[in-house]
Each structure stands twice: as structure tokens, then as C-alpha cells.
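Remarks on the overall topology
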Amino acid sequence: MSLQGNTLGDAIGRTRDKWGWFVALGVLLLIFGGIAFGNLFIATVASVYVVGWLMLMAGAIEIVHAFGVKTWGRFFYWLASGLLYAIAGFFAFDNPLLASAVLTLLLAVALVASGALRAWVAYHHRTEQGWGWLLAAAVITILLGLIIAMGWPVNSLWVLGMFLAIDLVFQGWSFIAIGLALKR
């Protein structure tokens, strides 16, 4: 136990010397978040391109993996899966506006489903303290998903960019807070 505690303390001590890097990264992320807020359309297209690259890489990995499996059934499963990923990745690059519409609709559906699941969990834990917070988060998540779905497809030009901008700003503030805490 003490060995683990010393290792953690040593790691924090080594990280403490790098507090400025955390703050610098946080400031950089805040700047990028501000730029993304400044042009949500370009941020949306950038996020679609990132998803497209991830899908292309996943497709390539699955296609390569297909050649390493032992049976024909599994080979064709992995090959088909990899090809679908790769085609979806190419689709994101070929038509990022249509891809943003599809991703925005999927985001709305995921938010509603996630909120419904949280509401179900909150309902089944209503005897426990704090279940109301979970229910409140569920309602907010469902409402956000419904608002996105009601504005679809027009809002698909900016919703993903807004999510990216918000995430960059929160990550920036988090890194700044961690860096300043390490300095102390």
C-alpha cells in the first residue's frame, strides 16, 4: 500500500513540475473553442472529417484483421464490416453536409435514448438519496435530444460544431484548473 502511495506521490511530484504545460494546453484549447464558436459551420465540417478519418482507419484495421482470422465466415464478416466502415468514411469526405445531417440525427436519437435510460434508472432507484438529480439529468438530456431532432436537418449545419466548441472550452478550463492546482 505504501509503495503504491509513494508511486502516486512521485508521479504527482513529477507532474507538478509541468504545471505550465497544462495551463498552456488549456489556453490553446480555449482559443480553439473560441474559434469553433466563431464559425460553427466550419467546426461542424471539421468534426465530420474527424469522424470520417476514424471510420477510414477502423475500416482499414478491420479489413487487415479479416485476413488474420481462420474461418471463411469470420473472414467475410470482418471484411464486410471493414468495407462498410471505409465506405462510410469516404462518404463523410465526399459529402460532409449530408454526413453532418446523418450524424446530427444519430446524436439526437442517442440523446433521447440515453435520457430515457437514465430516467428508467432514476425511477428504479427513487428510494435512494440523490435519485432526483439523475432524473433531472435524464429530462434535460431527453429535451436536448428532442430539440435537436425538431430542428433537424437545418440545425445539422451547426449542432456538431457547437458540441465541439463546448467540449473544447470545457477541456481548456479543465486543463487550466489542473495546471493551477499542480502549481499550488
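Residues numbered from 1 in each chain as written. Predicted model: local features only at pLDDT ≥ 70, side-chain atom pairs only at ≥ 80, totals over all residues. Heavy atoms only, no water.

1. Some points on the overall build of the protein chain
Helix and strand counts for the protein chain come out as 7 helices and 0 strands. Overall, the protein chain shows an N-to-C arrangement of helices and strands of α-α-α-α-α-α-α. In terms of overall dimensions, the protein chain is more spread out than a globule: its C-alpha atoms have a radius of gyration of 22 Å, far above the 16 Å expected for 184 residues. The principal-axis extent of the C-alpha atoms belonging to the protein chain is close to 55 × 45 × 45 Å. Every one of the 184 residues in the protein chain was classed for burial, and the buried ones make up 26%. Considering only contacts in the protein chain between residues 6 or more positions apart, those separated by 24 or more positions represent 76%. (Helix = DSSP H or I, 4+ residues; strand = E, 2+ residues; numbered from the N terminus. Rg over C-alpha atoms; globule rule 2.2 N^0.38 Å. Buried < 20%, exposed > 50% of the residue type's maximum accessible area, 1.4 Å probe, protein only. Contact = heavy atoms within 4.5 Å.)

2. Describing the packing of helix H3 (residues 40–66) against helix H7 (residues 159–183)
The N-to-C vectors of H3 and H7 enclose an angle of 90 degrees; their axes lie 7 Å apart at closest approach. With respect to each other, H3 and H7 are oriented roughly perpendicular. In contact with Leu40, Ala43, Thr44, Ser47 and Val48 of H3, H7 contributes Val159, Leu160, Gly161, Met162, Leu164 and Ala165. Classifying every residue of the contact of H3 with H7 by side-chain character gives 8 nonpolar, 3 polar and no charged. (Axes fitted to C-alpha atoms, helices over the stretch in contact; angles between N-to-C directions. Parallel < 35°, antiparallel > 145°, perpendicular 65-115°, else oblique. Nonpolar A, V, L, I, M, F, W, Y, C, P; charged D, E, K, R; others polar.)

3. A short note on the side chain of Ser81
Residue placement: Ser81 occurs in helix H4 (residues 72–94). Side chain to side chain, Ser81 and Glu62 meet in a polar contact 2.4 Å long. (Polar contact = N/O pair within 3.5 Å; in protein donor to acceptor, adjacent residues only side chain to side chain.)

4. So, the nonpolar core
With 5 residues, the main nonpolar core is built from Leu29, Ala36, Ala43, Ala165 and Leu168. Those elements that place two or more of their residues in this core are helix H2 (19–38) and H7. For Ala43, the residues in contact, after removing those within four places along its chain, are Ala36, Gly161 and Leu164. (Core = buried A, V, L, I, M, F, W, Y, C linked by side-chain atoms within 4.5 Å.)

5. Examining the environment of Trp131
By secondary structure assignment, the location of Trp131 is in helix H6 (residues 131–151). Sequence separation between Trp131 and Val121 is 10 residues, and the spatial gap between their C-alpha atoms is 8.7 Å.

6. A few points about unusual backbone geometry
Each neighbour pair has its own omega, and for Trp152 with Pro153 the value is 5 degrees, a cis peptide bond. With respect to the element layout, Pro153 can be found in the loop between H6 and H7.

7. Topic: the packing of aromatic side chains
Under the defined criterion, the tally for this structure stands at 8 aromatic pairs. On the numbers, 5.2 Å between centres and 75 degrees between planes, the contact of Tyr77 with Trp78 is edge-to-face. Tyr77 gets classed as exposed once you look at its relative accessible area, which sits at 52%. We classify Trp78 as partly exposed; its relative accessible area is 25%. In textbook terms, an aromatic cluster arises when at least three aromatic residues are bridged by ring pairs, as seen for Phe67, Trp72, Phe75 and Phe76. Sitting above the plane of the Tyr123 ring, Arg126 keeps its charged end 4.0 Å from the centroid. (Phe/Tyr/Trp six-rings, centres within 6.5 Å; stacked < 30°, edge-to-face > 60°. Lys NZ or Arg CZ within 6 Å of the ring centre and 35° of its normal.)

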